[in-house]
Amino acid sequence: MPSTPSYLTSNSRQREQALADLERLSRAWQSDNGDVFARLCRRLLTSLELNQVIAIFAEELGTVVHFDRLTYGHSISDSPIDLAVGHGGNHRCEYRLNLAGENLGMLRIFRRMRFAEQELTVIEQMLGSAIHAIRNACHYETVRRAALTDVVTGIPNKRAFDDTLKREACLANRHGERCALILCDLDHFKKINDTYGHLTGDQVLRAAALAIQDATRSSDAVFRIGGEEFGILLPRIGEAECTLVADRIRAAISAISLELNDALVKVSASAGVSAHVQGESADAWFRRTDEALYRAKHDGRNCTRTARPGLPADVTSIESAKR
Ligand SMILES: Nc1nc2c(ncn2[C@@H]2O[C@H](COP(=O)(O)OP(=O)(O)OP(=O)(O)O)[C@@H](O)[C@H]2O)c(=O)[nH]1
């Protein structure tokens, strides 16, 4: 990296000279460091994952400009990406990333020392090399999310549920962690559709999704897994506590009342509850909980039933579950 030129002056002739110096230095730096740009572009081709693309950019930038922390935030990702290689610092440069009018998020780079002009130029040149990869990763993230999101309620869908249930069963088998599952189904939902129409039915589904989210912790995961059926995964709790949560969810759903002309649309729900049994596969766990939900429906609806302990045929060995 060339040394910092002493061009910080208000005199305009000196400023012009400084800018010319800067351009010359920047060109010299770019030809000296052409391999960094080439490597950055090559590595960016290896991933479409937003957090990996940002991590690659940060790694390559770190080889030419020292910084203590880099953060990236975009409304399409769950939480900001925060890559710290030190303690941050008071000085920062930030870029609102944008390509052809498309918002691609906000990148911030922190450190204790001021950034020199030519360092900012280098950062911007490297961002120029990375911006298309960042845009592609943003598009990929948007499509990935759409595939995992239910269009009516905006919460994760059955595909997301299947993936998460498998992962939780695997974690529970590997580390012996507790995890519980609730399957919650609205009662006589067909009647709501038939009486008030599908649009009102959709409104009820959205209200139910919100009610379930409000009745659970943010660490719990709520999914719409069928027409009027929801799955809720609750890490680190057992069956007794989970049954209380299921009743709380049902009470929240019963409290929904949609005003429609002169009518008040009300709905109740049935729930099946189970705690994961050590060695049990995701499929067997789901089947046990579904059977509990079936009993709740059979017993008159608007109630909670807990699953029976796994039958030997339902429980796979820990070894096979780990494979
Ligand atoms: N409005 C709306 N209705 C849906 C959607 N998906 C499925 N349904 C309807 O949900 C209803 C489910 O009916 P059933 O399976 O008979 O269940 P139910 O009437 O709730 O009866 P129980 O579950 O036995 O209490 C059907 O009328 C479906 O058309 C949706 O996205 N929106």
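Every chain is numbered independently, its residues counted from 1 as its sequence is written. Owing to the predicted nature of the model, reporting of local features is limited to residues with pLDDT of at least 70; listing and counting of side-chain atom pairs is limited to 80 or more, with chain, interface and lining totals taken over all residues.

Caption draft 1: Region of the structure containing the confidence of the model for the chain. Here the chain averages 88 in pLDDT, while 85% of its residues score no lower than 70. Along the chain, pLDDT gives the predictor's confidence residue by residue, from 0 to 100. Two residues form a contact once the distance between their C-beta atoms, set from the backbone, is within 7 Å. For residues 1–10, every residue scores under 50 in pLDDT, and the model assigns this stretch 17 contacts once sequence neighbours within four places are set aside. With pLDDT under 50 throughout, residues 312–323 is counted as low confidence; its partners more than four residues away or in other chains account for 23 contacts. In the predicted complex, the global pTM is 0.75; the interface-specific ipTM is 0.95.

Caption draft 2: Fine view of the sheet that holds strand S5 (residues 179–186). Two strands qualify as a pair provided that DSSP identifies no fewer than 2 bridges between them. The way it works is that DSSP assigns letters per residue, a run of H or I at least four long becomes a helix, a run of E at least two long becomes a strand, and they are numbered from the N terminus. Across the sheet, which stays open at both edges, the five strands sit in the order S6-S7-S5-S10-S11 with mixed pairing between neighbours. Of all the strands in the sheet, just strand S6 (221–224) and strand S11 (304–306) have a single pairing partner and so form its edges. Taken over all neighbouring pairs, the strand axes of this sheet differ in orientation by 20° on average, direction set aside. Strand direction decides the pairing type here: S5 and strand S7 (residues 229–235), joined by seven bridges, are antiparallel. Fitted lines through C-alpha atoms serve as axes, helices being fitted only where they are in contact, and the angles separating the N-to-C directions of these axes extend from 0 to 180 degrees.

Caption draft 3: Quick peek at the pairing of strand S10 (residues 269–275). By the criterion of burial, S10 is predominantly enclosed, with seven of the seven residues buried. With C-beta atoms placed from the backbone, a residue is labelled by how many other C-beta atoms lie within 10 Å of its own: buried for 20 or more, exposed for 12 or fewer, partly exposed between the two. Side chains Ala269, Ala271, Val273 and Ala275 project from S10 onto one buried face, and the interleaved Ser270, Gly272 and Ser274 project onto a second face that is buried too. Bridge count for S5 against S10 is seven bridges, and the pairing is antiparallel. Each residue of the ladder has a partner; that of Leu186, found in S10, is Ala269. Taken together, the three bridges between S10 and S11 define a ladder with parallel strand orientation. Bridge pairing links Ala271 to Thr304 in S11. Looking down the strands as they point away from you, a crossover is right-handed if its path from the first strand over the helix to the second goes clockwise. Between S10 and its parallel partner S11, the chain crosses via helix H9 (residues 282–298), and the hand of that crossover is left-handed.

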